[in-house]
Amino acid sequence: MPSYDALLRDLRGAIPEIDVAGLAGAGARPAIIDCREPDEHAQGAIPGAVWIPRGFLEAKIEKHVADRAAPIVVYCASGNRSLFAVRTLGELGYTNARSLAGGFTAWKRAGQPWEMPATLRADQEARYSRHVLLPEVGVAGQQKLLASKVVCIGAGGLGSPSSMYLAAAGIGTLGLVDDDVVDASNLQRQILHGTDRLGTPKVESAERTLKNLNPDVRVEKHRARLTSANAIDLLRPYDVIIDGADNFATRYLVNDVALLLGKPVVHASIFRFEGQLTVFPANGSPCYRCLYPEPPPPEDAPSCAEGGVLGVLPGILGVLQATEAIKLILGIGQTLAGRLLVYDALATKFRELKLRRDPKCPTCGDGIDRSTIPLIDYEQFCTRR
Ligand SMILES: [Zn+2]
């Protein structure tokens, strides 16, 4: 049996290498594979490199580089282990793989750019492991969620499930806008709150529930009703707006402010046994006013308190809102933008209606300068649910 040193010497003569200058100056960049161990990778890596620890190389290389003739450069810490990795690639049929001479150490020493890879704390790795296992989310996606800011208008029926699932998912900052206190009639559906919180401001009660669910989450409490005077400042810091408002006045205001600010809105409404859901995208078309240009006169609007609502209904719609928000943040899948989902709980049916941008829409129509959209405080004509 040859010694390790002898084996290495033989390999170095047989395995093609590339030096740092050669890789840095390569016109069309080859696929770069980082074959180091997790603790080494966590200390810094070459930007754009795919990290496949040496032990997983055979199993994972094909997923990242399918073309056996594609140029590949493999690096480790000092350029030894990568020789073995390139030999393995050769055995798998890869014909154009090279080892980075001197490895990451030489790369760094030459002053080439490197970056800290996306990593999670040990407790976060455990908490979010089922997200990280999804290639569509991964560590980078989880970090995106942790860095994101979502605001829920209302900490009630819709705001309860949406904020709870968003907190559990690791949305880093959750804003809650609600001026109400917990009432016994809320508890049939507003699961953020509990019997021991009667009389407590909903934003306080919500913070307790959400922080207990996930201490990673920063809860920003806005104990206020959204008005034309506070809406812009209040909503501006957030990436996604979840509209869980129970009244037309707030829905119009949220729509108009979101258009001004260029923020996406995940909209839902519930009534009796039916719920509706859609996304008004960041570019603002179609918007809520394409659907309903003006609010109905107060005497025609259904009173929520009288109308009643099945307690689980906001649960379903609120969870769908959280799902859409997470997709918007991760940039995955297809959102409900341009589609209105209607859920009938009695028939257990989901219907989908196409939403079209109205060229005559007062807020997103042709020729409208969105920076001049007037903010209107319509008369409140529906009690909270
Ligand atoms: Zn519109």
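Residues numbered from 1 in each chain as written. Predicted model: local features only at pLDDT ≥ 70, side-chain atom pairs only at ≥ 80, totals over all residues. Heavy atoms only, no water.

Caption draft 1: Inspection of the packing of aromatic side chains at higher detail. On inspection of all chains with the given rule, the structure shows 8 aromatic pairs. Relative to tyrosine 288, the ring of tyrosine 252 lies with its centre 5.0 Å away and its plane at 70 degrees, an arrangement referred to as edge-to-face. Of this pair, tyrosine 252 sits in helix H13 (residues 248-261) while tyrosine 288 sits in helix H14 (residues 288-291), and the two are 36 residues apart along the sequence. The two residues tyrosine 252 and tyrosine 288 agree in class, both being buried. A network of ring pairs unites the aromatic residues Tyr252, Phe280, Tyr288, Tyr292 and Tyr378 as a single cluster. The ring of phenylalanine 104 has arginine 36 lying over it, and the distance from NZ or CZ to the ring centre is 4.6 Å. (Phe/Tyr/Trp six-rings, centres within 6.5 Å; stacked < 30°, edge-to-face > 60°. Helix = DSSP H or I, 4+ residues; strand = E, 2+ residues; numbered from the N terminus. Buried < 20%, exposed > 50% of the residue type's maximum accessible area, 1.4 Å probe, protein only. Lys NZ or Arg CZ within 6 Å of the ring centre and 35° of its normal.)

Caption draft 2: Local environment of helix H16 (residues 313-330). Between its first and last C-alpha atoms H16 spans 26 Å; for 18 residues at 1.5 Å apiece the expected length is 26 Å, and the two agree. Inspection of H16 places Leu313, Pro314, Leu317, Gly318, Gln321, Ala322, Glu324, Ala325, Ile326, Lys327, Ile329 and Leu330 among the buried residues, and these make up the whole buried set. Glycine 331 occupies a position one or two residues after H16 and carries a positive phi of about 65 degrees. (Expected span 1.5 Å × (residues − 1).)

Caption draft 3: Here's a closer look at the nonpolar core. Val150, Leu166, Leu174, Leu210 and Leu317 are the most contacted members of the largest nonpolar core, which totals 38 residues. When neighbours within four sequence positions are excluded, leucine 317 is seen to be in contact with Leu158, Ala268, Ser269, Ile270, Gly275, Gln276, Leu277 and Tyr343. One finds Val177, Tyr238, Ala245 and Tyr378 within the second-largest nonpolar core, a separate group that totals 21 residues. (Core = buried A, V, L, I, M, F, W, Y, C linked by side-chain atoms within 4.5 Å. Contact = heavy atoms within 4.5 Å.)

Caption draft 4: Molecular detail of the pairing of strand E4 (residues 72-75). Neither face of E4 is exposed, since Ile72 and Val74 on one face and Val73 and Tyr75 on the opposite face are all buried. Note that strand E2 (residues 31-34) and E4 share 4 bridges and pair parallel. Of the residues in E4, the one forming a bridge with isoleucine 33 is valine 74. Taken together, the 3 bridges between E4 and strand E5 (residues 97-100) define a ladder with parallel strand orientation. Within the sheet, the bridge partner assigned to isoleucine 72 lies in E5 and is alanine 97. For the segment spanning E4, helix H5 (residues 81-91) and E5, crossover handedness is right-handed. (Pairing = 2+ DSSP bridges. Right-handed = clockwise from strand over helix to strand, strands pointing away.)

Caption draft 5: Expanded view of the side chain of asparagine 214. Tracing the chain through its elements places asparagine 214 in the loop between helix H11 (202-213) and strand E8 (218-222). Classification of asparagine 214 as buried rests on a relative accessible area of 0%. Once residues lying within four places of it in the same chain are set aside, the contact partners of asparagine 214 are Arg127, Tyr128, Ala167, Ala168 and Gly170.

Caption draft 6: Structural context of the coordination of the zinc ion. All of the protein donors around the zinc ion are Cys287 (SG), Cys290 (SG), Cys361 (SG) and Cys364 (SG); their distances to the metal are 2.3 Å. With 4 donor atoms in place around the zinc ion and angles of 91 to 127 degrees between them, the coordination shape is tetrahedral. In the primary structure, the donors to the zinc ion are separated according to the pattern C-x2-C-x70-C-x2-C. On the criterion of sequence distance, the pair formed by cysteine 290 in helix H14 and cysteine 361 in the segment after strand E13 (349-354) is long-range, its members being 71 residues apart. Across the pair, cysteine 361 and cysteine 290 agree in class, each one buried. (Donors = N, O, S within 2.8 Å, 3.2 Å for Na, K, Ca; no water. Tetrahedral: all angles 85-135°; square planar, octahedral: opposite > 155°, others 65-115°.)

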